[in-house]
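Here are the chains, one letter per residue:
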Amino acid sequence: MRTFVRDQGLTLGFFAIFVLAIAGQSVAGFLFNNEELAEHGRPEIGYLDFVTSSAFLVDVAENWQSEFLQFFLFILTTIWLVQRGSPESKRPGDEGIGTDEDQLVGEHARPDSPRWAKVGGVRGWIYANSLLIVMGVVFALSWLAQSLAGTVVMNEENAQHGMPAESWASYVVSSDFWNRTLQNWQSEFLAVGAMVAFSIYLRQRGSAESKPVGLPHAASAEESE
Amino acid sequence: MSTTPHPGSTGRAFAFWLWAAVIVGGLTSMITLPILGR
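Quantities reported herein were computed from a predicted structural model and do not represent experimental measurements. (Residues numbered from 1 in each chain as written. Chains lettered and ligands numbered in written order. Predicted model: local features only at pLDDT ≥ 70, side-chain atom pairs only at ≥ 80, totals over all residues. Heavy atoms only, no water.)

Chemist: Quick rundown of the overall build of chain A? Include the residues and the values.
Modeler: Helix and strand content of chain A: 10 helices and 0 strands. Put simply, chain A runs from its N terminus to its C terminus through helices and strands in the order α-α-α-α-α-α-α-α-α-α. Whereas a compact globule of 225 residues would reach a radius of gyration of roughly 17 Å, chain A reaches 23 Å, over 25% beyond that. Its C-alpha atoms put chain A at 65 × 40 × 40 Å along the principal axes. Nonlocal contacts in chain A, meaning residues at least 24 apart in sequence, comprise 50% of its contacts between residues at least 6 apart. Entry remark: accessible area of chain A is about 14,100 Å², with carbon and sulfur atoms responsible for 64%. Averaged over its 14 positive side-chain charges, chain A has a centre that lies 14 Å from the centre of its 26 negative ones. (Helix = DSSP H or I, 4+ residues; strand = E, 2+ residues; numbered from the N terminus. Rg over C-alpha atoms; globule rule 2.2 N^0.38 Å. Contact = heavy atoms within 4.5 Å. Areas by Shrake-Rupley, 256 points an atom, 1.4 Å probe, with all protein chains shown as cover. Lys, Arg positive; Asp, Glu negative; His and termini not counted. Charge placed at Lys NZ, Arg CZ, Asp CG, Glu CD.)

Below you can see the structure in the form of structure tokens.
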């Protein structure tokens, strides 16, 4: 059991802080939502009604989509773009999808390689791009969820102000949708760029995200092996 | 899958399916509840 927990420490640790954070978000959001309702002289709603409401879900979804977009773009761009000296990057000159030999696919697969790495064809292509595909699908569905929940919230506000309901198609070109979207995107792109650039010169001893402390600035982590 | 599991394969699968469940569950509710007009 101790080995199990140690071996999955990174995912279990993040799962724990994810649960705590979303629980905290739901409580703070619930209290804030009821304050707003009271200010407008409307009846307060229960906690379960709030966490299943579009008002809560739009806030969750807009953050999900931007995080998955961040990883989608990071995985995609690091195929072809490099940053000399960053442990997040391949070595300059190694741009591209690599050879079958480097990637241990098809006839170059090892006996213990994943089955779909050995097979080639459509299954081989899917498996070779599976991380990017899944991150991209989760991004697209989260962004869709944000737009659906955002439409409901917008129409609740419209109804309160005696304005007509808006369609999903008009919501996705609205300033509210793009304000929510771009405020999340800018921070993700900033953080990724800063991580790539700072890790050229800065170190964290012991972290998988850092080069070894004494490795020269020009070297990537890959070159240290 | 039919071969002898590698050391730690149960835990790896657990970690993978834990996150898959969180994401599938989250996405399903975030898409269906607004469609239901919640």
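Chemist: Hey, could you go over the packing of aromatic side chains for me, with residue numbers and the actual values?
Modeler: Residue and element names in this part refer to chain A. According to the stated counting rule, one finds 16 aromatic pairs over all chains in the structure shown. Judged by centre distance (5.7 Å) and plane angle (90 degrees), the ring pair of Trp143 and Trp178 falls under edge-to-face. Separated by 35 residues along the polypeptide, Trp143 in helix α8 (residues 130-160) and Trp178 in helix α10 (residues 175-201) bring together distant segments of the chain. In this structure Trp143 comes out as partly exposed when scored by relative accessible area, which is 22%. The interplanar angle of 65 degrees and the centroid separation of 5.6 Å between the aromatic rings of Tyr171 and Phe177 together place this pair among those described as edge-to-face. (Phe/Tyr/Trp six-rings, centres within 6.5 Å; stacked < 30°, edge-to-face > 60°. Buried < 20%, exposed > 50% of the residue type's maximum accessible area, 1.4 Å probe, protein only.)

Chemist: Could you give an account of the environment of Phe68(A), with specific residues and numbers?
Modeler: Structurally, Phe68(A) is set in helix α4 (residues 54-80). Residue Phe68(A) is classed as buried on the basis of its relative accessible area, which comes to 16%. As a C-alpha pair, Phe68(A) and Ser54(A) span 14 residues in sequence and 20 Å in three-dimensional space. With residues near it in sequence (within four places) discarded, Phe68(A) still touches Met135(A), Val138(A), Phe139(A) and Ile23(B).

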